[in-house]
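Architecture at a glance
Now for the letters of each chain:
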Amino acid sequence: MTSVVDERMRSDRIRRRAVRRAVASWTRFVLMVVVTVVLLGPVLPMFWRALVPGRGSVLDALAGAFADGPTLQWLGNSALVSVAAVVVTVLVAAPAGYVLSRVRGRSVGGFAIVLFALQAMPVLIFIVPLFILFAQVGLTDSLSGITIIYVGIAVAVATWTMASAIDALPVQLEEAAWLDGCSVLGGFLRVVLPNALPGVLGSAVFTFLLVWNDYLIADVFLHTDTEFTIGIGLAAVRAPILSLVALIPPLVVFAVLHRWFTFGGVGGSLAGR
């Protein structure tokens, strides 16, 4: 009798586990479908209009889009501004994040508060004053002018990203470098930056996407068609096929850099210590 009861209880447990697994599987499936619809819903009409043009083939639509304006120059302008903003932002944010992570004091705390306040403020607040200031110094309708603005917008977030990445690194790594004769700057360049590479790449990718996808700032500050970035060019040409062309550089950047988004090697650096 006891064996029969035990067998029934075992069967009930197996059945309940199977039901829970089935419910969990269906829940994951539904969530994946919902997320896919939310993410791709706004994009699918663009793909449809780009890949199913009203007249002619996709190649004809692409050739016509490139013939309607200096599209290659717009792509080059976006690439130039994006790369310049990434380089300057990383060069500024890396040491700033190191100070924010390693140094303690009132001045550093005030610096952190200022960064948080700048990050929280909407960009629209700064556009009109910056336009007036840039007009006085001749930086409107200039790629260098909007590059300065992009760096100012991205550097706060990039600094917090770098600080978070450096917080994850044990300070013993730097102390070991100092004992081996490195200066503070040498330890930062030789030890901290290589192990904080995910933070560097995260800041770089964020800045690149911010600059490449921007429309508002470029629309306000740029007026000459030869100075347009690809976002303004898309609005000027109104060719859906160019939207697919504009998607290629961000996809390439992520495909190339995503493999280095890991903190591998930090744990082994302290082996035996």
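Residues numbered from 1 in each chain as written. Predicted model: local features only at pLDDT ≥ 70, side-chain atom pairs only at ≥ 80, totals over all residues. Heavy atoms only, no water.

Observations concerning the packing of aromatic side chains
Enumeration according to the criterion identifies 6 aromatic pairs in this entry. Here the aromatic rings of Phe134 and Phe221 are separated by 5.8 Å at their centres, their planes lie at 65 degrees, and the arrangement is edge-to-face. Of the two residues, Phe134 sits in helix H6 (residues 124-137) while Phe221 sits in helix H11 (residues 216-221), which places them 87 residues apart along the sequence. Both residues of the pair, Phe134 and Phe221, count as buried. A ring pair is formed by Phe208 and Trp212, whose centres lie 5.7 Å apart and whose planes are at 15 degrees; its orientation type is stacked. Taken together, the residues Phe208 and Trp212, both in helix H10 (residues 197-212) and 4 residues apart, mark about one turn of the helix. Residue classification places Phe208 among the buried residues on the basis of a relative accessible area of 9%. (Phe/Tyr/Trp six-rings, centres within 6.5 Å; stacked < 30°, edge-to-face > 60°. Helix = DSSP H or I, 4+ residues; strand = E, 2+ residues; numbered from the N terminus. Buried < 20%, exposed > 50% of the residue type's maximum accessible area, 1.4 Å probe, protein only.)

Observations regarding the nonpolar core
Ile146, Tyr150, Met162 and Phe221 are the most contacted members of the largest nonpolar core, which has 44 residues in total. Among the elements of the structure, helix H4 (71-102), H6, helix H7 (143-167), helix H9 (184-195), H10, H11, helix H12 (230-237) and helix H13 (240-257) are those that each provide at least two residues to this core. Residues in contact with Met162, not counting those within four places in the same chain, are Ala93, Ala94, Gly97, Leu193, Ala196, Gly199, Val200 and Ser203. Judged by nonpolar contacts, the second largest core, of 6 residues, contains Val108, Ala112, Leu115 and Ala156. (Core = buried A, V, L, I, M, F, W, Y, C linked by side-chain atoms within 4.5 Å. Contact = heavy atoms within 4.5 Å.)

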